[in-house]
Structure formats: structure tokens, C-alpha cells
Amino acid sequence: MAAYLADLLRTRERLLATVDADDWAKAEALPSDDEISRVRRLIRRVKDSVDELTDDERAEIDHATALVRRARNSVVHLGLPRIRQPLPDIRPNRTA
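The residue numbering used here restarts from 1 in each chain and proceeds along that chain's sequence as written. The predicted origin of the model limits local features to residues at a pLDDT of at least 70 and limits the giving and counting of side-chain atom pairs to 80 or more, whereas totals for whole chains, interfaces and linings rest on all residues. The basis for every side-chain value is the complete set of heavy atoms in the structure, and neither hydrogens nor water enter the calculation.

Asker: Just to check I follow, could you spell out the overall build of the protein for this structure?
Answerer: Within the protein, the regular secondary structure consists of four helices and zero strands. Moving toward the C terminus, one meets the helices and strands of the protein in the order α-α-α-α. For the protein, with 96 residues in total, the buried portion stands at 8%. By definition, residues are in contact when any of their heavy atoms lie within 4.5 Å. Look at the contacts in the protein between residues 6 or more apart in sequence, and 53% of them connect residues 24 or more apart. Carbon and sulfur atoms make up 54% of the accessible area of the protein, which totals about 9100 Å². Numbering goes from the N terminus for both helices and strands, where a helix is a DSSP run of H or I of at least four residues and a strand is a run of E of at least two. Partly exposed residues are those whose accessible area sits between 20% and 50% of the maximum for their type, while under 20% is buried and over 50% is exposed, using a 1.4 Å probe and protein chains only. Here the Shrake-Rupley method, with its probe set to 1.4 Å, supplies the accessible areas, and only the displayed protein chains count as covering residues.

Asker: So what exactly am I meant to see when it comes to a positive patch on the surface here?
Answerer: Only residues whose relative accessible area exceeds 30% and that take part in no salt bridge are eligible for patches, with like-charged residues grouped when within 9 Å of each other and nonpolar side chains (Val, Leu, Ile, Met, Phe, Trp, Tyr) grouped when within 5 Å. For salt bridges, the criterion is a side-chain nitrogen of Lys or Arg within 4 Å of an Asp or Glu carboxyl oxygen. Counting rule for charge: Lys and Arg are taken as positive, Asp and Glu as negative, and neither His nor the chain ends is counted. Here the site of a charge means atom NZ of a Lys, CZ of an Arg, CG of an Asp or CD of a Glu. Together, Arg-40, Arg-41, Arg-44 and Arg-45 line one region of the surface with positive charge. Tracing the backbone through its elements, the reader meets Arg-41 in helix 3 (residues 33–51).

Asker: Quick question: what am I supposed to make of a negative patch on the surface here?
Answerer: Together, Asp-55, Asp-56, Glu-57 and Glu-60 line one region of the surface with negative charge. Within the element layout of this structure, Glu-60 appears in helix 4 (residues 55–73). By relative accessible area, which is 56% here, Glu-60 ends up exposed.

Asker: Sorry, what's going on with the nonpolar core here?
Answerer: Side chains of nonpolar character tend, in soluble globular proteins, to be buried together. Counting five residues, the largest nonpolar core is built from Leu-5, Leu-8, Ile-36, Val-39 and Ile-43. Setting aside anything within four residues of it in sequence, one finds Ile-36 in contact with Leu-5, Leu-8, Leu-9, Arg-12 and Pro-31. To qualify as a nonpolar core, a set must consist of buried Ala, Val, Leu, Ile, Met, Phe, Trp, Tyr and Cys residues joined through side-chain atoms within 4.5 Å.

Asker: Quick question: what am I supposed to make of the pattern of salt bridges here?
Answerer: Between side chains of opposite charge, pairing is possible as soon as their charged atoms come close. Throughout the structure, instances matching the rule amount to three salt bridges. Measuring nitrogen to oxygen at the nearest pair gives 3.2 Å for the salt bridge that ties Asp-33 to Arg-12. In this pair, Asp-33 sits in helix 3 while Arg-12 sits in helix 1 (residues 2–17), placing the two residues 21 residues apart along the sequence. Asp-34 is the partner of Arg-38 in a salt bridge, and the nearest nitrogen-oxygen pair spans 3.5 Å. Taken together, the residues span about one helical turn, with Arg-38 and Asp-34 both in helix 3 at a distance of four residues. Relative accessible area serves as the criterion here: at 45%, Arg-38 is assigned to the partly exposed category.

Asker: In this structure, what is going on with a nonpolar patch on the surface? I would like to understand it.
Answerer: The grouping of Met-1, Leu-42, Val-46 and Val-50 at the surface amounts to a nonpolar patch, some 310 Å² of accessible area in total. Mapped onto the fold, Val-50 is located in helix 3. The class for Val-50 is partly exposed, based on a relative accessible area of 35%.

In C-alpha cells form, the structure reads like this:
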């Protein structure tokens with residue numbers, strides 16, 4: 001969640017620094033202040049909840065998190081077929 005918040009803030013700063021875009025385009029692309037506030041409140045609530053946990057409960061959460069991360073990292077990708085982009089024709093006026 002903290003990474004998501006950091007991404008929102010980076011995006012906002014990058015868009016505000018862009019001088020080439022029209023004002024309406026910036027306004028549409030900018031993360032809203034409301035969204036940023038909601039994410040901050042959610043992070044605060046999670047941190048407060050974690051602070052109330054016992055050491056055993058925290059250890060259980062750490063263990064479960066490690067299991068999920070290991071499982072996610074060990075997923076075998078099936079190698080689904082990909083569609084390749086056609087090669088550009090560097091001589092479009094040439095006939096075969």
C-alpha cells in the first residue's frame with residue numbers, strides 16, 4: 001500500500017511538472033486529492049491495527065506473508081503463446 005501511495009505521489013508530481021500538456025489533460029490524469037487521502041487513511045488504519053497485535057499474531061502474519069510470497073515466486077509460467085509484431089517493411093515501394 002505504501003508503494004501504491006508513493007506511485008500516486010510520483011505520478012502527481014511528474015504530471016504537475018509537465019508543461020506541454022493542456023490543463024484539462026493534467027486534471028484528468030492527476031490522482032485526486034481524495035484518493036491520496038483515502039490511501040493515507042487506509043495505511044494509517046492498518047499500521048494502528050498491527051500495533052495492537054500480540055507478538056504471536058505478528059509472527060503468524062509474517063509467516064503467512066512469507067508463504068504467499070514464496071508461492072507467488074514459484075509459480076510456473078505456462079509460456080502462453082505470444083503474438084509477435086510484424087516486422088516493419090523498410091522498402092514499402094518495392095515489389096517482389
